[in-house]
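An overview of the molecular structure
For reference, the chains in residue letters:
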Amino acid sequence: VWFRRRQARPVSEGEYRPFPLVATRDAAQELVEVPLLARLFEVPRGLRVLEVGCGPGVSLGPIAVTLSPARLVGLDIDGALLALARAKARACGAD
C-alpha cells in the first residue's frame, strides 16, 4: 500500500499557518516555474484550471497569462489570502 487513507478532521484556527510571503521565491514561481512547467508538460490552453491552496495567488497570474484558461479557480482556507489572490488574478485579466 502506497498510502494510508486517514479520516480528515477540521483544521483549527491555531493549527493553520500560511506559507510566508518571500519575494524571491514568489517571483521565481511567477516568472519561471509556472510558465516553464506549463511548456514542459505541454498543458493545452483554454482548459479549466483549479489551484487548490492558492494562498495569495502567486501562480494565478502566470496561469492566466500562460494558459488562457476557460475558467480559473483558486481555493484556499484563508479568506484574506483569497482576497489577495482575486486581486492578482483580476489584474492579469482573469475573472
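This one's a predicted model, so the numbers in the text were calculated from it and none came from an experiment. All residue numbers refer to positions counted from 1 along the written sequence of the respective chain. Residues qualify for local features only when their pLDDT is at least 70, as the model is predicted, and side-chain atom pairs are given and counted only at 80 or more; totals for whole chains, interfaces and linings, by contrast, use all residues. Excluded from the side-chain calculations are hydrogens and water; all other atoms, namely the structure's heavy atoms, are used.

Structural notes on the pattern of salt bridges
A pairing counts as a salt bridge when a side-chain nitrogen of Lys or Arg comes within 4 Å of a carboxyl oxygen of Asp or Glu. One pass over the full model with this rule turns up one salt bridge. One salt bridge connects Arg25 with Asp26, and the closest N-O pair in it is separated by 3.4 Å. Here's how the labels work: a residue is buried when its accessible area is under 20% of the maximum for its type, exposed when over 50%, partly exposed in between, all with a 1.4 Å probe on protein chains only. On the basis of relative accessible area, Arg25 is assigned to the partly exposed category, the value being 36%.

A few points about the confidence of the model for the protein chain
Mean pLDDT over the protein chain: 85, with 87% of residues reaching 70 or higher. The predictor's confidence in any single residue is recorded as pLDDT, a number from 0 to 100. Each helix is a run of DSSP H or I of at least 4 residues and each strand a run of E of at least 2, with the numbering of both proceeding from the N terminus. The secondary structure element of the protein chain with the lowest average pLDDT is helix 3 (residues 79-91), at 89, and the one with the highest is strand 1 (residues 48-52), at 94.

Brief notes about the layout of surface pockets
Definitions used throughout: a 1 Å grid over protein atoms alone; a cavity as a set of points that fits a 1.4 Å probe which cannot get out; a pocket as an open set with protein on both sides within 12 Å along at least five of seven lines; a lining residue as one with an atom within 4 Å of a point. Grid points are joined across faces, edges and corners, and a volume is the space filled by probe spheres set on the points. One number sums up the size of the largest pocket: a volume of about 300 Å³. In this structure, the largest pocket is lined by 18 residues; those nearest its centre are Phe19, Gly53, Cys54, Gly55 and Pro56. Counting residues per element, the lining of the largest pocket draws most heavily on helix 1 (residues 23-40), which supplies three residues. For the lining of the largest pocket, the per-class residue count stands at nine nonpolar, four polar and five charged. Amino acid classes used here: Ala, Val, Leu, Ile, Met, Phe, Trp, Tyr, Cys and Pro are nonpolar; Asp, Glu, Lys and Arg are charged; the rest, including Gly, are polar.

A word on the pairing of strand 2 (residues 71-75)
Strand pairing requires that DSSP identify at least two bridges connecting the strands. Note that strand 1 and strand 2 share five bridges and pair parallel. In the sheet register, Val52 faces strand 2, and the bridge partner there is Leu75.

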